[in-house]
Amino acid sequence: AAVLVHINKDGWVLVTPAGNDIDQETLTRMMQVASRELRIPISNVHVSELSTSVTSDASRMPSSASIVYIMAVQEACQILLQRLQPIFTLDPEASWTQYIQEAFRLRICLSAAGHYRIPDPISDWRQEMHIETPDFIFGAACTEVELDCRTGDHKVP
């Protein structure tokens, strides 16, 4: 997945994902990750429409693989934080907007592209080693049933 993260001069952040189909939950999670990584309110983060004119086209993936977009946003935000680190050390008491305006004045690039690909699963069952994707999940379910052993009647309470 590919995303482009821009920080505007007035401090708001625009996340532009590439691709062709991203659900609303993933878009919200992308905003949350950008907000957390940059340590700014989520109201300062906006997600633009999907675009392959701004960021490279991503291959078609199932919606269960949406974690790649979140990881790409995280990577782009970390790149931006590295660029902004010298500004943060100048005045620890400044606001986010003041940091960004100073970075703009110093001509620090306030755009970063993030790219992420889920690693191929690695399995070696002889060595009992298996590496899964970051979104590998286990699940369980349970149902309570009342059963009359004499008549076979049953009901789910």
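Here, the structure is the one placed above.
This write-up is about the structure you can find in this document.

## Concerning the overall build of the chain
Next, step 1: Each helix and strand in the chain was counted, giving three helices and eight strands.
Next, step 2: Taking all 157 residues of the chain together, 32% fall into the buried category.
Next, step 3: Counting only contacts in the chain whose residues sit at least 6 apart along the sequence, the fraction spanning at least 24 positions is 67%.
Next, step 4: A total of about 10400 Å² of accessible surface is found on the chain, and carbon and sulfur atoms cover 52% of it.

## Section: the sheet that holds strand E3 (residues 45-47)
Across a sheet, paired strands are connected by hydrogen bonds in the backbone, their directions being either parallel or antiparallel.
Next, step 1: The four strands lie next to each other as E3-E2-E1-E4, forming an open sheet whose pairing is mixed. In the strand order of this sheet, the two ends are held by E3 and strand E4 (111-115), each with one partner. Between one strand and the next, the sheet's axes are offset by a mean angle of 20°, whatever the strand orientation.
Next, step 2: As paired elements, strand E1 (residues 2-7) and strand E2 (residues 13-17) share five bridges and run antiparallel to each other. Following the sheet pairing, His6 is matched in E2 by Leu14.
Next, step 3: Strand contacts of helix H1 (residues 24-38): E1, E2 and E3, with the helix running at about 150° to E3, the strand carrying the most contacts.

## A closer look at the pairing of E4
Next, step 1: Side chains of E4 alternate between two faces, with Ala112 and Gly114 buried and Ser111, Ala113 and His115 left unburied.
Next, step 2: Bridging between E1 and E4 involves five bridges; their strand directions are antiparallel. Counted as the bridge partner of Leu4 is Ala113 from E4.

## Some thoughts on the packing of aromatic side chains
Next, step 1: A full pass over the atoms with the stated rule returns one aromatic pair.
Next, step 2: The interplanar angle of 70° and the centroid separation of 4.8 Å between the aromatic rings of Phe88 and Tyr99 together place this pair among those described as edge-to-face. Here Phe88 is found in helix H2 (residues 67-90), whereas its partner Tyr99 is found in helix H3 (residues 96-105), with eleven residues between them in sequence. There is no split in this pair, since Phe88 and Tyr99 are both buried.

## With respect to the side chain of Ser35
Next, step 1: As for its placement among the helices and strands, Ser35 is situated in helix H1.
Next, step 2: Within the local environment of Ser35, its side chain forms a polar contact with the backbone nitrogen of Ile42, the two atoms lying 3.4 Å apart.
Next, step 3: Discounting chain neighbours no more than four positions away, the residues touching Ser35 are Ile40, Pro41, Ile42 and Val45.

## So, the pattern of salt bridges
Where charged atoms of side chains with opposite charge meet at close range, the side chains can pair.
Next, step 1: Under the definition given, this model contains three salt bridges.
Next, step 2: A salt bridge links Glu102 to Arg105; its shortest N-O distance comes to 2.7 Å. Here Glu102 pairs with Arg105, and both are found in helix H3, just three residues apart, close to one helical turn.
Next, step 3: On the basis of relative accessible area, Glu102 is assigned to the partly exposed category, the value being 22%.
Next, step 4: Judged by relative accessible area, which is 52%, Arg105 ranks as exposed.
Next, step 5: Residue Lys155 is joined to Glu146 by a salt bridge in which the shortest nitrogen-to-oxygen separation is 3.9 Å.

## Comments concerning the packing of H2 against H3
Next, step 1: Two elements in contact, H2 and H3, have axes whose closest approach is 10 Å; the angle formed by their N-to-C orientations is 115°. Classified by the angle between their axes, H2 and H3 sit roughly perpendicular to one another. Crossing of H2 over H3 shows right-handed handedness. Seen from H2, the contacting residues are Leu84, Ile87 and Phe88; seen from H3, they are Trp96, Tyr99, Ile100, Glu102 and Ala103.
Next, step 2: Across the contact of H2 with H3, the residue classes break down as seven nonpolar, no polar and one charged.

Rules used throughout
- Residues numbered from 1 in each chain as written.
- Predicted model: local features only at pLDDT ≥ 70, side-chain atom pairs only at ≥ 80, totals over all residues.
- Heavy atoms only, no water.
- Helix = DSSP H or I, 4+ residues; strand = E, 2+ residues; numbered from the N terminus.
- Buried < 20%, exposed > 50% of the residue type's maximum accessible area, 1.4 Å probe, protein only.
- Contact = heavy atoms within 4.5 Å.
- Areas by Shrake-Rupley, 256 points an atom, 1.4 Å probe, with all protein chains shown as cover.
- Pairing = 2+ DSSP bridges.
- Axes fitted to C-alpha atoms, helices over the stretch in contact; angles between N-to-C directions.
- Phe/Tyr/Trp six-rings, centres within 6.5 Å; stacked < 30°, edge-to-face > 60°.
- Polar contact = N/O pair within 3.5 Å; in protein donor to acceptor, adjacent residues only side chain to side chain.
- Salt bridge = Lys/Arg side-chain N within 4 Å of Asp/Glu carboxyl O.
- Parallel < 35°, antiparallel > 145°, perpendicular 65-115°, else oblique.
- Left-handed = near helix turned anticlockwise from the far one by under 90°.
- Nonpolar A, V, L, I, M, F, W, Y, C, P; charged D, E, K, R; others polar.

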